[in-house]
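Secondary and tertiary structure notes
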Amino acid sequence: MAGPLERTEPVVRIAVDLNRCQGYAQCAFLAPETFAMHGEEALLYNPEVDEAQRGKLAQAAAACPVQAILVDAVDVPAEAVPGGR
Amino acid sequence: MVGNGALEQLKREGRIVVVGASLAGLRAAETLRDEGFAGELTMIGDEPHEPYDRPPLSKSVLLGKASADRTALPRLRSVDATWRLGVPASGLDMAARRVRLADGAEVPYDRLLIATGVRARRWPHEGEAALDGVFVLRGRDDGAALARRLADGPRRVLVIGAGFTGSEIASACRERGHAVTVAERGGAPLVGALGGVVGAVAAELQRAHGVDLRTGVMVTALDGDAAGRVRAAQLSDGSTVETDVVVVSLGATRNTEWLAGSGLGAGPRGIACDAGCRAFDIRGIVTDDIYAAGDVARCPHPLFGYQFLSLEHWGNAVAQAEIAAHNMLSESVDRVPHMEVPAFWSSQFGINIKSVGVPSMGTEILISQGSLESRRFVGVYGYQGRVIGAVAFDQARWLPFYQELIEATAPFPPTFATVDRRPDGQRPMDADFPDPSVPSHGPTVTVSGYSPADRRMTFAPAH
């Protein structure tokens, strides 16, 4: 398995605190490649997306009324875990 | 320690070891650095992966919308740690302050955080558990293996145990179009966590989505073919389910075996600690250098009669990790207790299920909003005349209100007029929890230990 250092495509990692999430769906409008509603209230998301999406992710995270979206704050290669992919 | 500069020295050049490199371990490491720890930080993890997030494994990963090896947790800040991954901790020497690793190495510490979590309970029959096509779902590798097998298009998936994980797996399989049988020992799905009233709604939900749900039954044996592939399961009612994929979802076992004989108060129910996440030793004396956080910890909670709670919840892992890390670096008067109200979520069959408090402590339930029939409601749980928990089916935005009721130990039945007053809405009923002594997949909250609320004392004045 390739480590983050060997990866060619830079990525952004995200997580959503679904205790906070109340299904306002702002993220699903702003970054539909990453977030999608699943039923009326539940949120499905892709935990790792291309670096090219970072701008949209930042918008989605900022627009979340309950601030439930956690986005990578550090450069992935700089914090790489040796052999830990 | 106090006032003699030892704490400053610890922050400057101490050694902190975190055993368990998952959500709690990572968030603790980030908090330690946030709070100015500049010493040596070591992260020990039994899996060869950097910290990853588990909730997507039973949802987007099984649906084929995310990849199991692309679930690493976002980093909220740099942790500048030495990572020792792929080697489990195998022992603890409390006197010498050393963690032993399975490869024989020893890692010394000044402060230790134990966040070793839980693991999936395996199918008890070893030969049957080893059959090709028998899975559990807890880790990244489990998720990858199961997702691969589902992509091959099995004829039928049998899920053993209808707790939250089992139900989410069944939901994902149905959404992918696979035939699914769910076998549950209790009377309904989710019954251990939410009781029989809500469990009945979960059962209807499963059946409405085409799940072949069998309740009140146990799987007694798994049959393999000549090539060692699972082909059928025998049920306690005498029936046979032909299946080529079996997912065992029988709850979790706490990872405390490595602490056996160490003198720490650790056992099958977890690691006992105080409200500040400091671990107790087996004599019941609190340690000052060993902390526990996440699924493996059991802490007394003031809102729940100081009973020891172990919570297999995402939010609890984060909150306890932050508190343990803060307290590790604080003088005793600056320490903070873990008092967060438990909360969790699950999404299955298109419904968003969320809960606050400890429903499984409740004896009664009142449907305060919506209706069970519409599968869109809030249920409030009562215990000894107070509100102890609440669950919402597609009504998540109301839960903060109910959380306040729990925090304020509001009376049950609640005295407010419901928003959508209904004839059946104001009557509490038996929440119908199963006898906790009967084994099942279990709730994700375990209440254990001595409760002062249960104490019976009589004042006998001397004459």
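Model, not experiment: these values are computed from the prediction. Residues take numbers from 1 onward in each chain, read along the sequence in its written order. Each chain takes a letter, starting from A, and each ligand takes a number, starting from 1, following the order in which they are written. Local features in a predicted model are, by the rule used here, given only for residues with pLDDT of at least 70; side-chain atom pairs are given and counted only at 80 or more, and totals for whole chains, interfaces and linings are based on all residues.

A word on the UniProt feature "domain: Reductase C-terminal" (unreviewed entry) in chain B
Mapped onto this structure's residue numbering, the UniProt feature "domain: Reductase C-terminal" (unreviewed entry) falls at residues 344–415 of chain B. Secondary structure counts use DSSP, requiring at least four H or I residues in a row for a helix and at least two E residues in a row for a strand, with both numbered from the N terminus. For the annotated span residues 344–415 of chain B, helix accounts for 12% and strand for 50% of the residues, and the straight-line distance between the end C-alpha atoms is 25 Å. UniProt positions are given in the numbering used here, feature names are shortened, and annotations may be inferred rather than shown by experiment.

What to know about the pairing of strand β16 (residues 245–248) of chain B
Residue and element names in this part refer to chain B. What you see with β16 is no split at all: Val 245 and Val 247 on one side and Val 246 and Val 248 on the other are buried throughout. Pairing between strand β9 (residues 134–135) and β16: two bridges, direction parallel. For Val 134, the partnering residue across the bridge sits in β16 and is Val 246. Strand pairing is assigned whenever DSSP detects at least two bridges linking the two strands. Pairing between strand β10 (residues 156–160) and β16: four bridges, direction parallel. Paired with Val 159 across the two strands is Val 247, which belongs to β16. Once C-beta atoms are placed from the backbone, each residue is buried if 20 or more other C-beta atoms lie within 10 Å of its own, exposed if 12 or fewer, and partly exposed for counts between those two.

Let's talk about the sheet that holds strand β3 (residues 82–85) of chain B
All names here are of chain B. Read from one edge to the other, the open sheet built from six strands follows the order β3-β2-β1-β7-β21-β20, with strand pairing classed as mixed. Each of the sheet's edge strands pairs with one partner strand only, and the pair in question is β3 and β20 (278–280). Between one strand axis and the next, the sheet turns through 30° on average, direction left out of account. By the bridge criterion, three bridges tie strand β7 (residues 111–114) to strand β21 (residues 286–292) in an arrangement that is parallel. The residue of β21 that forms the bridge with Ile 114 is Ala 292. For every element, the axis is a line fit to its C-alpha atoms; helices are fit only across the contacting stretch, and the angle between N-to-C directions ranges from 0 to 180 degrees.

Considering the sheet that holds strand β5 (residues 69–71) of chain A
All names here are of chain A. Across the sheet, which stays open at both edges, the three strands sit in the order β4-β1-β5 with antiparallel pairing between neighbours. Looking at which strands have only one partner, the edges of the open sheet turn out to be β4 (48–50) and β5. Here the average twist between neighbouring strands, direction ignored, is 30°. Bridge count between strand β1 (residues 11–16) and β4: three bridges; the pairing is antiparallel. Within the sheet, the bridge partner assigned to Arg 13 lies in β4 and is Glu 48.

Concerning the pairing of strand β27 (residues 376–383) of chain B
Residues and elements named next belong to chain B. In terms of residue burial, β27 counts as a mostly covered element, since seven of its eight residues are buried. A loop of four residues connects strand β26 (residues 364–371) with β27, the two strands running antiparallel in sequence, and Arg 375 in this loop sits at a positive phi of about 55°. When β27 meets strand β28 (residues 386–393), the two strands line up antiparallel, connected through seven bridges. Within the sheet, the bridge partner assigned to Gly 382 lies in β28 and is Val 387.

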